[in-house]
Amino acid sequence: MKVLEVITAEEAGFCFGVERAIDMVLEAAGENEDMNVYTLGPLIHNPQVVKKLEAKNVKVASSLAEIDSGIVIIRSHGVAPEIIKQAREKNLKIIDATCPYVKNAQKYAKKLVDEGYQTFIYGDQDHPEVQGIYGASDKKAIIIKGKEDLNSIELKARVGFVAQTTKSPESFRDIINLVITEVKELKVFNTICNTTDVRQSSAKKLAEDVDIMFVIGGHNSANTTRLAEICAATNTPTYHIETAAEINKEWLSGKNKVGITAGASTPDWLIREVIQLMNEENKDLNVESTENVEEKEEQVLEEVEETVEETEETTEKTEETTEEKEADNSEEAAESAEEEVAEEDAETEEEAEFKYSDNDIADLSKGQKVTGTVVEINDNGVYVDVNYKTDGFIPLRHLSHRPVEDANDIVSMDEEIEVVILTLEDDEGNMILSKKQADYEKAWEKIEEAYENNEIIEAEVTKEVKGGLVVDVGVRGFIPASHVAIGYVDDLSDYVGEKMRLKIIEVERDNNNVVLSAKKVLEKERAAEKEETLAALEEGQTVEGTVTKLVDFGAFIDLGGIEGLLHISEMSWGRIESPSEVLSEGEKVEVKVLGVNKEEERISLGLKQLLPDPWEEFADKHYEGEVVEGKITKLVDFGAFMEVEKGIEGLIHISQLSHRHVKTADEVVSVGDVREAKIINIDADQERVGLSLKELEEKPEPKKESSSSSRSSSSSSKSRSNKSDDSSSSGGATIREIVGDIFDQGE
Ligand code: SF4
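Per an unreviewed UniProt entry, the protein carries the name 4-hydroxy-3-methylbut-2-enyl diphosphate reductase and comes from Halanaerobium saccharolyticum. Annotation of the protein in UniProt includes, under Function (unreviewed entry), the sentence "Catalyzes the conversion of 1-hydroxy-2-methyl-2-(E)-butenyl 4-diphosphate (HMBPP) into a mixture of isopentenyl diphosphate (IPP) and dimethylallyl diphosphate (DMAPP). Acts in the terminal step of the DOXP/MEP pathway for isoprenoid precursor biosynthesis."

Written as structure tokens, this is what we have:
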């Protein structure tokens, strides 16, 4: 069986500075979805990553002139201070992802200039990093690309040096050696980042050990191109590829060991793709060789059978020999044989153990996920036994995707955890592990599974961002504001810290994108609840509900997935002006079902039906002839209404307002007046109470009539008419009074 051995260089892929910059960009894009996000120049020299960032709405601007508003991200190379100043003047939000090592180079260049040293920057004039360092020196430093440039420069007494972070230490040393004897005072800041050096050495070492090398990274990436050159110089066939798709399988013909390395701007997923392709190639090779294996198995079987036969023969001979031996020696011989067997067994066990362990070590590689046991927890991180020659170390920042202050909050001693190997051995021989990465992969598996199975998951809201909420689902998840609840949510900050039940509505692992919805969960639950509530609802039932909304004409009551209407007229026995006099939103209330239309899903509710009937109570408490106090609530053509108790309004008929003739009620009472009235009748069944003001007044004495008028009144209408003619002069009852009397008698 042929198996391609695939070995990844110990240092390959994103360096610290690039990884940090990408994290910052993704965070900025995620938190500012409604803003334009730009990187000033491509974030890294890798077209696949730049494309993915573009999909996240991160655009590349070649200069500030192309940006009018939004966020500008300073990439890991850094920029000159004047660029930052210009961005501020344009009111742009600045996110500075300059690598801390580059920042140091900038800081030291400025320091040398400020202290009066003739300052040199060893680097490539056109490289953006060098331009940034030069800017930081107030453009007073001198850029040299090699020691030859020094020939034309007159050195001063005090000279200082910094270097571009990616320069080789040897070439920098050459320059310093040249200058050291020429000046009085020399100050050198070693600003070279050893990432490049370590990466190149590890690629070279690997290339010398394998049959074929793949160097993964952008064709426009200088550091990847340099890696490919270094590998090719070892005479091992070397291919500089951007993606696995560029690999021609014929290149693998006759090869047993494949080496893989990648530039500082190459993401892990591009490396994994190549490893995956190699694994698939291994499967193909194994299928092809199955027939050969079967042949070999037959041969082995034959050999085994022969061996068994031979063994049987030997056993027979041994038995014969044993019989010939003296009986005294037999026990001794047996003991000795047992000891030998025991020793052999012990050796075999040790050997097996050693081999097992050796195999394990040989199998481990960068990027691999393994299970280990926590053996030490300290302030800086956690040591884990992964059955390797040294315990692996998880720095605090690789313990969890959330900030960690105390490692004990995340793991405990002897706990078995899954980790990803970040570095098999660093410069000091330490194996560096990441639990965060392993958790991250596990989280993605769970997310994809939940999405496929339409499952509901629970997650904590970590912060509010423009346009929605961020939740922790092991990776960063986003809930658009319109999906936070069924209705409009005024203040999203109320949800921060809350655990929400969510449905995943969009997943793009490559773009690190998970979109979730609480609304979908609520809608589904509400639909099921509504069906159940409607099925159980009957007219006449008393049910509990929650007031969801007050309107002028009543209140909507949620009965569980469906709302019913409680009309204002059904709220109280008495007159109310507004539903808010009786109920408030969010209040729980018991109501009576007055009507249900299941087809149209309309439910009418009553509240007063559950309250004591005030008419019955009134009839029990009061009697005709009783004098009660009340408030005039309404004037009508035929009299006035007076509230004598909560929910009980009696009518004072216009004829009962006064002994005198009253044309309109406002001649006697006004709305709001508090008056005493006499109950003249009570009809609880018809919900009527008759009241009278007149009966509390003293009946006026009939006015003295003149003899002529007296006569007239007892005779004819004609005579009455005559009476009216002279009333003004006689001082007796007016026509109005007389008509009033007649009207009253008629009543
Ligand atoms: S190579 Fe070194 S200096 Fe450059 S970005 Fe990476 S870590 Fe920073």
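Let us keep going from here.
**Student:** Can you help me understand unusual backbone geometry in this one?
**Tutor:** As a rule of thumb, non-glycine residues mostly have phi less than zero, and peptide bonds are mostly trans rather than cis. Look at Asn 91: it is not a glycine, yet its phi comes out positive at around 60 degrees. Counting through the fold element by element, Asn 91 comes out in the loop between helix H3 (81-89) and strand S5 (93-96). Overall, Asn 91 belongs to the exposed group, its relative accessible area being 69%. Phi is positive for Glu 601, close to 55 degrees, though the residue is something other than glycine. Inspection of the secondary structure puts Glu 601 in the loop between strand S26 (588-597) and strand S27 (602-606).

**Student:** Is there a simple way to explain the packing of aromatic side chains in this structure?
**Tutor:** Two numbers describe a pair of aromatic rings. These are the distance of the centres and the angle of the planes. Across all of its chains, the model carries 11 aromatic pairs by this definition. Judged by centre distance (6.2 Å) and plane angle (35 degrees), the rings of Phe 214 and Trp 251 are tilted. A residue pair is termed long-range when its members are at least 10 positions apart, and Phe 214 in strand S10 (residues 212-216) and Trp 251 in the loop between strand S11 (238-241) and strand S12 (257-262) qualify at 37 residues. Judged by its relative accessible area of 23%, Trp 251 falls in the partly exposed class. Members of the aromatic cluster, each reached through a chain of ring pairs, are Phe 120, Tyr 122, Phe 161 and Phe 172. Over the ring of Trp 269 we find Lys 52; its NZ or CZ atom is 4.6 Å from the centre of that ring. Positioned above the aromatic ring of Tyr 38 is the side chain of Lys 59, whose terminal nitrogen or guanidinium carbon lies 5.5 Å from the ring centre.

**Student:** Please clarify how the UniProt feature "binding site: isopentenyl diphosphate" (unreviewed entry) in the protein should be interpreted in this entry.
**Tutor:** UniProt marks His 45, His 77, His 127, Ser 221, Asn 223 and Ser 265 with the feature "binding site: isopentenyl diphosphate" (unreviewed entry), using the numbering shown here. With respect to the element layout, His 77 can be found in the loop between strand S4 (71-74) and H3. Filtering out sequence-adjacent residues up to four positions away, His 77 remains in contact with His 45, Thr 98, Val 102, His 127, Pro 128 and Glu 129. Among the secondary structure elements, Asn 223 is positioned in helix H8 (residues 222-232). When residues no more than four places from it in sequence are discounted, the contact partners of Asn 223 are Gly 263, Ala 264 and Ser 265.

**Student:** Teacher, can you tell me more about the pattern of salt bridges here?
**Tutor:** Pairing between side chains becomes possible if they bear opposite charge and their charged atoms approach one another. Summed over the entire model, instances satisfying the criterion amount to 24 salt bridges. A salt bridge links Lys 103 to Asp 96, with the nearest nitrogen and oxygen atoms 2.7 Å apart. Judged by its relative accessible area of 36%, Lys 103 falls in the partly exposed class. The shortest N-O distance in the salt bridge between Arg 602 and Glu 600 comes to 4.0 Å. Taking the relative accessible area as the measure of exposure, Arg 602 reaches 56% and is therefore exposed. A relative accessible area of 52% means that Glu 600 is categorised as exposed. Within the structure, one salt-bridge network assembled from shared partners comprises Lys 110, Asp 114 and Asp 138.

Definitions and cut-offs
- Residues numbered from 1 in each chain as written.
- Predicted model: local features only at pLDDT ≥ 70, side-chain atom pairs only at ≥ 80, totals over all residues.
- Heavy atoms only, no water.
- UniProt positions renumbered as here; feature names shortened; annotations may be inferred.
- Helix = DSSP H or I, 4+ residues; strand = E, 2+ residues; numbered from the N terminus.
- Buried < 20%, exposed > 50% of the residue type's maximum accessible area, 1.4 Å probe, protein only.
- Phe/Tyr/Trp six-rings, centres within 6.5 Å; stacked < 30°, edge-to-face > 60°.
- Lys NZ or Arg CZ within 6 Å of the ring centre and 35° of its normal.
- Contact = heavy atoms within 4.5 Å.
- Salt bridge = Lys/Arg side-chain N within 4 Å of Asp/Glu carboxyl O.

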